[in-house]
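Structure at a glance
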Amino acid sequence: MSVLLIIIFGLLAYVNLDASGEIVFAWLQALSCLAALFTWGSICLAHIRFRNAWKFHGHTLDEIPFKAVGGVYGSWLGLSLVILVLIAQFFVAIAPPKGGINDAEGFFQTYLALPVVLFFWIDVDSGRREIDWEPIHAERERLAAIPAWRRLLNIIF
């Protein structure tokens, strides 16, 4: 089903053959460009909030089966950089580098992802699974018991 959907949207490339194809492409590009920033910003914020809630409820990091390499500090750095880029892009949407002030069409072509992202809702409850902690703790104990050189080989290979 997803391949069929991608093929259908792939046909949008033929819009560029029309004389007004550049306009359609500009609007599609406006929709997709900032969406990645909003997505990564949301991921970083969700990680920060999750770790705060995890700590608030008295859990330790040993109970988390998968940890981010940079920890919560990496998420703060990522969120800060995303916010910085979004602020810069907002100013570019208002006053483009070529000079002057943008009209409404120019603003939304540059910053269209903002109103679109505001309408999304993320469901974090459906599809969650329970984790069996016994095998995870057993594997951690097994890894802690082997020599450091062997753990290094496990990471590499």
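Source: prediction; values computed, not measured.

Our next topic: the pattern of salt bridges. This model, assessed by the stated rule, comprises one salt bridge. Between glutamate 139 and arginine 142 there is a salt bridge, with the nearest N and O atoms lying 2.8 Å from each other. Of the two residues, glutamate 139 and arginine 142 are both situated in helix H7 (residues 133–145); the distance of three residues between them amounts to about one turn of the helix. For glutamate 139, a relative accessible area of 35% gives the class partly exposed. Taking the relative accessible area as the measure of exposure, arginine 142 reaches 42% and is therefore partly exposed.

Here the focus is the UniProt feature "transmembrane region" (unreviewed entry) in the protein. The sites that carry the UniProt feature "transmembrane region" (unreviewed entry) are, in the present numbering, residues 27–48, 69–94 and 106–124. The straight-line gap between the two end C-alpha atoms of residues 27–48 is 33 Å; of that span, 95% is helix and 0% is strand. Along residues 69–94 one finds 92% helix and 0% strand; the C-alpha atoms at either end are 37 Å apart.

Conventions we followed
- Residues numbered from 1 in each chain as written.
- Predicted model: local features only at pLDDT ≥ 70, side-chain atom pairs only at ≥ 80, totals over all residues.
- Heavy atoms only, no water.
- Salt bridge = Lys/Arg side-chain N within 4 Å of Asp/Glu carboxyl O.
- Helix = DSSP H or I, 4+ residues; strand = E, 2+ residues; numbered from the N terminus.
- Buried < 20%, exposed > 50% of the residue type's maximum accessible area, 1.4 Å probe, protein only.
- UniProt positions renumbered as here; feature names shortened; annotations may be inferred.

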